[in-house]
Amino acid sequence: MGGTEALDALALGLLGLMVGSFLNVVIHRLPKMMELRWVAECAELNPVGDQNFEATPQPAFNLMVPRSRCPHCGHAIQWFENIPLISYVALKGRCRGCHAGISARYPAVELVCAGLFAWCGWQWGLTWSGLAWSGFSAAVLALACIDWDTTLLPDDITLPLLWAGLCASALNLSGTALPDAVWGAVLGYLSLWLVYWAFKLATGKEGMGYGDFKLFAAIGAWFGWQALIPVILMSSVIGAMVGIAIKMFSQLREGGYVPFGPFLALAALTSMIFGPQAILSLIGL
């Protein structure tokens with residue numbers, strides 16, 4: 001690794017640690033924000049049925065407020081307890097107030113985000129392209145974690161990711177020609193939409209959510225329509241393997257759902273690092 005590439009990778013890697021810390025907030029709070037928004041909308045449409053919610057002032061809850069607290073004892077997290085990775089190690093993975101264990105996923109998200117950003121720095125340097133792909137990595141990582149936890153793929157992330165892909169193509173930042181990006185978005189959405197309706201008409205059940213269509217459309221916007229088949233093949237193979245393993249160990253969640261978004265995200269990140277054609281070789285095609 002050359003000196004310039006190493007410095008660029010280090011700089012974006014450190015940025016990735018900080019962004020990863022913020023992603024932990026997004027992963028935890030955004031679904032709750034969506035739920036509060038849905039309740040408020042229901043109360044507005046049916047004020048008689050939800051008078052208590054309408055009458056009671058609701059405290060502010062967003063990505064900035066309130067301050068992060070321990071879910072066990074309510075201890076307010078101080079700034080020195082929130083330094084990416086370092087604080088987790090210093091606290092030995094436990095709350096400073098009650099010594100309850102802190103999930104290892106917090107530093108894991110920070111490390112993965114840092115690694116993805118560092119790779120973007122190595123590949124594209126400290127350029128607008130490097131920052132664009134770093135942003136793509138962060139958004140996809142957040143979506144994967146949120147979908148795994150809640151089976152939700154928020155429009156607040158998928159739709160900006162889709163438009164960002166088209167803008168990055170138009171500005172020659174993603175390496176994808178604009179016509180390929182547009183058709184990637186169109187075909188990405190329509191392909192899963194058609195699968196959804198075919199499955200629903202055949203079984204009467206919903207096999208996936210609309211968020212999957214939007215995420216696949218966003219992936220198509222970033223990589224072009226040529227990447228859609230490799231990405232969907234890899235995500236399907238991995239998803240099937242994980243689903244079988246979960247079922248064998250009786251770990252299926254209530255309702256028997258295995259979210260598809262995390263596997264789309266993994267295939268997209270693999271495509272970013274190795275290229276779409278490498279995915280076909282990886283799965284033996």
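Quantities reported herein were computed from a predicted structural model and do not represent experimental measurements. All residue numbers refer to position in the chain's written sequence, counted from 1. Local features in this predicted model are restricted to residues whose pLDDT is 70 or higher, and side-chain atom pairs enter the listing and the counts only when it is 80 or higher, whereas totals over whole chains, interfaces and linings include all residues. For the side-chain quantities, the full set of heavy atoms in the structure was used; hydrogens and water were omitted.

Caption draft 1: Summary view of the layout of surface pockets. Each cavity reported here is a set of points on a 1 Å grid over the protein atoms alone in which a 1.4 Å probe fits but cannot get out, each pocket an open set with protein on both sides within 12 Å along at least five of seven lines, and each lining residue one with an atom within 4 Å of a point. Grid points are joined across faces, edges and corners, and a volume is the space filled by probe spheres set on the points. For the largest pocket, the calculated volume is near 780 Å³. Taken together, 29 residues make up the lining of the largest pocket; nearest its centre are S68, R69, I77, I102 and Y106. Numbered from the N terminus, helices here are DSSP runs of H or I no shorter than four residues, and strands are runs of E no shorter than two. Of all the elements in the fold, those that place two or more residues in the lining of the largest pocket are α1 (3-45), α3 (86-90) and α4 (105-124). The element that contributes the greatest number of residues to the lining of the largest pocket is α1, accounting for five residues. Amino acids outside the nonpolar list (Ala, Val, Leu, Ile, Met, Phe, Trp, Tyr, Cys, Pro) and the charged list (Asp, Glu, Lys, Arg) are all regarded as polar, and Gly is one of them. A per-class count over the lining of the largest pocket returns 15 nonpolar, nine polar and five charged. Considering only enclosed or pocket space, the second largest pocket measures out at about 580 Å³ in volume. Lining the second largest pocket are 27 residues, and of these T151, M208, G209, D212 and P259 lie nearest its centre. For the lining of the second largest pocket, the elements supplying multiple residues, two or more each, are α1, α6 (155-170), α8 (210-223) and α9 (228-248). Ranked by the residues each element gives to the lining of the second largest pocket, the list is headed by α8, at four residues.

Caption draft 2: A look at the packing of helix α5 (residues 128-150) against α8. Axis separation between α5 and α8 bottoms out at 12 Å; the angle between their running directions is 160 degrees. With respect to α8, the element α5 is oriented roughly antiparallel. Where α5 crosses over α8, the two elements pack in a sense that is left-handed. Contact with α5, carried on its side by A132, W133, F136, L143 and D147, involves D212, L215, W222 and F223 of α8 and no other residues of that element. Residue composition of the contact of α5 with α8, by class: seven nonpolar, no polar and two charged. Here an angle of 0 to 180 degrees is reported between the N-to-C directions of two axes, which are lines fitted to C-alpha atoms, with helices fitted over the stretch in contact. Roughly parallel means an angle under 35 degrees; roughly antiparallel, over 145; roughly perpendicular, 65 to 115; everything else is oblique. The crossing is said to be left-handed when, going from far helix to near helix, the turn is anticlockwise and less than a right angle, and right-handed when the turn is clockwise. Should any heavy atoms of two residues lie within 4.5 Å, those residues are counted as being in contact.

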